[in-house]
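The chain contents come next:
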Protein chains: 2
Amino acid sequence: MAIRKGEWAKPTAGLAPTHVQANLVIVPKKHAYDFLLFCMRNPKSCPLIEVTDAGSYTPVSSAPDADIRTDIPRYRIFRHGKLADEVMDITEEWREDFISFLIGCSFTFENALRAAGIPLRHIENKQNVTMYETNVPCHGAGDFQGNLVVSMRPIRADHVPATVQITSAFPTMHGAPVQVGYPEKLGIKNLQAPEYGDPVEIKEDEIPVFWACGVTPQLVALQAKIEIMITHAPGHMFITDLLDSEIGR
Amino acid sequence: MAIRKGEWAKPTAGLAPTHVQANLVIVPKKHAYDFLLFCMRNPKSCPLIEVTDAGSYTPVSSAPDADIRTDIPRYRIFRHGKLADEVMDITEEWREDFISFLIGCSFTFENALRAAGIPLRHIENKQNVTMYETNVPCHGAGDFQGNLVVSMRPIRADHVPATVQITSAFPTMHGAPVQVGYPEKLGIKNLQAPEYGDPVEIKEDEIPVFWACGVTPQLVALQAKIEIMITHAPGHMFITDLLDSEIGR
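Sequence order as written defines residue numbering, which begins from 1 separately in each chain. All chains are assigned letters beginning at A, and all ligands numbers beginning at 1, according to the order in which they are written. Residue-level local features of this predicted model are given only where pLDDT is at least 70; pairs of side-chain atoms are given and counted only at 80 or more, and the full residue set underlies all totals for whole chains, interfaces and linings. Only hydrogens and water are removed before side-chain values are computed, so all heavy atoms of the structure are retained for them.

Visitor: Even after reading the chapter, I still don't get the overall build of chain A, so can you show me in this structure?
Guide: Summing up its helical and strand segments, chain A has six helices and eleven strands in all. Structurally, chain A occupies a C-alpha span of about 55 × 35 × 30 Å along its principal axes. Residue burial is assigned from relative accessible area. The probe radius is 1.4 Å, only protein chains are included, and a residue is buried under 20% of its type maximum, exposed over 50%, and partly exposed in between. Buried residues in chain A amount to 52% of all 249 residues. In chain A, once contacts between residues fewer than 6 apart in sequence are set aside, the share between residues at least 24 apart is 78%. Side-chain charges of chain A comprise 23 positive and 30 negative groups, with the mean position of each set lying 2 Å from the other. Put simply, DSSP H or I for four residues or longer makes a helix, DSSP E for two residues or longer makes a strand, and each gets a number counted from the N terminus. Residues are treated as being in contact if the distance between any of their heavy atoms lies within 4.5 Å. None of His or the chain ends enter the tally, which takes Lys and Arg as positive and Asp and Glu as negative. In plain terms, the charge of a residue is placed at NZ if it is Lys, CZ if Arg, CG if Asp and CD if Glu.

Here it is, written out as structure tokens:
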């Protein structure tokens, strides 16, 4: 309700703990089939929580009392692949052919890692997670084509097996890492120069671990330069009624 | 090649063991978005292995050398929800707007159960698995609406935990059971009168275990009475290049 009333316009990390938070991508119906197919073909980077009916702003299965148009703190409106506006409410922009895609984010498995005693430096430092564009092509669908984006977290070597086990339990939230320890094999040349988020220190006894990242579908949709796309602003997520514990099943 | 040449027109159970077999549903592009959305909303009954590009008869990710039009032993052609023909080749029927959905089947987890020493009576008896229509509604999408169809296998009570564990390892092949032991809660009145497949004996020390069944999307598409839909004939599956061991990940 605070978000809906415009009283909370800040990032949502740490809000409503144990509740699943989601990325939002809204596209017009004419692009929805290809975007849905892209998500189906790339489930590790595009784990779908829900796809609404055309014109409906109610996520009936993940948050039936919510309104997609008002219940995210900040939205970004892109026209033909360019950022056109950042707003707190998209009621005025709403169209009958809009379809909302709610896509899983890594907050869920990060909570599980921290509960298991595996520290995450970007959270301790109150920074954004480190993200890189890779040279690994996604499976394209129609106009939606592009490379995988990964997030990276430095993990102590002796924590790597448990990290893989714990994140594997969340296949609908990016799941197991895509790679452990070899950034150059993903085409990442400089770990200290991420394309998105903040760079992070990697200590002597730590290994960089890479996960498929929900920025992938958003970036691919931008590159497709569709006439309009609306997303959440980075870090300003949609909070669902689902519990982390439900989604791990 | 034997199937392609028309030299194998029989069911595929037991062929190419360790290779994943798939259900086929072909629909015209105008129905593909709603059908894809139906599958996404009901992943336990509709685990998608691959969705081809419109007009393409090549399953590029699961069997790149195959031809969807010739590489299944028998096809069924439905017009407006009615069976119109059963053929061994659909090359003549092919249209530029056809999209093929390859949907996981239970052969994969059945192999894993038997490898773990859990017998399956319908296989021992060389019969079709027992299937029921339930009163559990699926999450609909557009014209595609209907109830969940389940398969049932009698499992010895002391094997039930391992059965749940083993099938849980195949989330993209129907995964864990939807229910254990209470047919009446699914709206099933008489276990000896299944809607599909063959009835099966349930012994004193056995419990009926129910899984979401790949017949669900096919039935829902039939009920939508779309102008044309092509499927495999029951038991005559599409054999992919994927290995059971790959799909368990």
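Visitor: Could you clarify how one ought to interpret the relation of the copies chain B and chain A in this entry?
Guide: Here the second copy of the chain follows from the first by a rotation about an axis and a shift along it. Once chain B has been moved 0.0 Å along the axis and rotated by 180°, it coincides with chain A to within an RMSD of 0.0 Å. Taken together, these values place the two copies in the relation of a two-fold axis. When each C-alpha of chain B is compared by its distance to the rotation axis, B:Tyr33 comes out closest, at 2.6 Å. When the interface residues of chain B are mapped onto chain A, 100% of them are again interface residues, pointing to one common binding face. C-alpha atoms of residues with pLDDT of at least 70 in both copies form the basis for the least-squares superposition of the copies.

Visitor: Even after reading the chapter, I still don't get the environment of A:Phe101, so can you show me in this structure?
Guide: All names here are of chain A. Counting through the fold element by element, phenylalanine 101 comes out in strand 5 (residues 98-104). Residue phenylalanine 101 is classed as buried on the basis of its relative accessible area, which comes to 0%. Distance in space between the C-alpha atoms of phenylalanine 101 and cysteine 39 is 9.6 Å, their sequence separation being 62 residues. If we skip the residues at most four places from it in the chain, phenylalanine 101 touches Asn23, Leu24, Val25, Val27, Ala32, Phe35, Leu36, Leu48, Glu50 and Val51.

Visitor: Before we go on, may I ask you to explain the sheet that holds strand 9 (residues 206-212) of chain A in this structure?
Guide: Strand pairing in a sheet is mediated by backbone hydrogen bonds. Such pairs are either parallel or antiparallel. All names here are of chain A. Strands pair, by our definition, only if DSSP identifies at least two bridges between them. Strand order across the open sheet formed by four strands is 6-7-9-8, with antiparallel pairing between neighbours. Strands at the two margins of the open sheet, each flanked by one partner only, are strand 6 (130-137) and strand 8 (179-180). Pairing of strand 7 (residues 147-156) with strand 9, which is carried by seven bridges, proceeds in the antiparallel orientation. Bridge pairing links proline 154 to proline 208 in strand 9. In this analysis an axis means a line fitted to C-alpha atoms, helices contributing only their contacting stretch, and an angle means the value between N-to-C directions, from 0 to 180 degrees. Set on the sheet, helix 5 (residues 215-223) makes contact with strand 6 and strand 7; between it and strand 7 the angle comes to about 155°.

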